[in-house]
Amino acid sequence: MFDDAFAAIEEYRRVINEGTVEEVNAWISDDFIGYFGYYPDRDYEVYRSEHYKTDNIDTLAMYEGKQPHWEYVDLTRNMRSDNELIISAIVNFSLQGTKVASVLAMEVFRKEQGAWKLYRQHMEKYADV
């Protein structure tokens, strides 16, 4: 089960770096909740599924032509149950080959109706870039 789950997460990461926003958003659970605390000008933002998908559309449009790239350095990977995988990672984000952000991420992927979906995400600033 673990190998199947992690292979799916590797595909999700490939889609983030090479896919369209529609492909990225197809990975988001309808029950998604995300907590993001890496903004320099405000406290944590909480996103629910539809808000997050809309924000993805705006964000990825803003990155068009800037070669966005997310590099994951996994810290832990554990199955919480047969249909939930928890991953902690450092995520380095680059534009046009230059790292512009580094965050500590905790993600929960859940198997829903036969497909793995991003169910929970917590990100906070990891290091100054």
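Quick note: structure is the one above.
Just so you know, these numbers come straight off a predicted model, no measurement behind them.

Description of the overall build of the chain
Part 1: Secondary structure summary: the chain contains 3 helices and 6 strands in total.
Part 2: Against the 2.2 N^0.38 benchmark of 14 Å for 129 residues, the chain shows a C-alpha radius of gyration of 14 Å, consistent with a compact globule.
Part 3: Projected onto its principal axes, the C-alpha positions of the chain cover 35 × 30 × 25 Å.
Part 4: A burial count over the chain gives 40% of its 129 residues as buried.
Part 5: About 7,400 Å² of surface is accessible on the chain, with carbon and sulfur atoms providing 48% of the total.

Things to note about the pairing of strand 6 (residues 115-125)
Part 1: Where strand 1 (residues 28-37) lies against strand 6, 6 bridges are found, and the strand directions are parallel. Looking at strand 6, one finds that isoleucine 28 is bridged to leucine 118.
Part 2: Bridge count for strand 5 (residues 98-112) against strand 6 is 10 bridges, and the pairing is antiparallel. Within the sheet, the bridge partner assigned to valine 103 lies in strand 6 and is lysine 125.
Part 3: The turn linking strand 5 back onto strand 6 is made up of 2 residues, and glutamine 113 within it adopts a positive phi angle of 50 degrees.

Examining the sheet that holds strand 5
Part 1: A sheet is described by the order of its strands in space; here 6 strands give the open sequence 2-1-6-5-4-3, paired in mixed fashion. Since the sheet does not close on itself, it has two edges, and those belong to strand 2 (45-48) and strand 3 (69-81), each with one partner. Strand after strand, the sheet turns through a mean of 15 degrees between neighbouring axes, direction not considered.
Part 2: Its contacts with the sheet put helix 1 (residues 2-18) on strand 3, strand 4 (84-95), strand 5 and strand 6, and the angle it makes with strand 3 is roughly 155 degrees.

Each value, and the rule that gives it
- Residues numbered from 1 in each chain as written.
- Predicted model: local features only at pLDDT ≥ 70, side-chain atom pairs only at ≥ 80, totals over all residues.
- Heavy atoms only, no water.
- Helix = DSSP H or I, 4+ residues; strand = E, 2+ residues; numbered from the N terminus.
- Rg over C-alpha atoms; globule rule 2.2 N^0.38 Å.
- Buried < 20%, exposed > 50% of the residue type's maximum accessible area, 1.4 Å probe, protein only.
- Areas by Shrake-Rupley, 256 points an atom, 1.4 Å probe, with all protein chains shown as cover.
- Pairing = 2+ DSSP bridges.
- Axes fitted to C-alpha atoms, helices over the stretch in contact; angles between N-to-C directions.
- Contact = heavy atoms within 4.5 Å.

Geometric descriptors of this kind do not, in isolation, establish any biological role.
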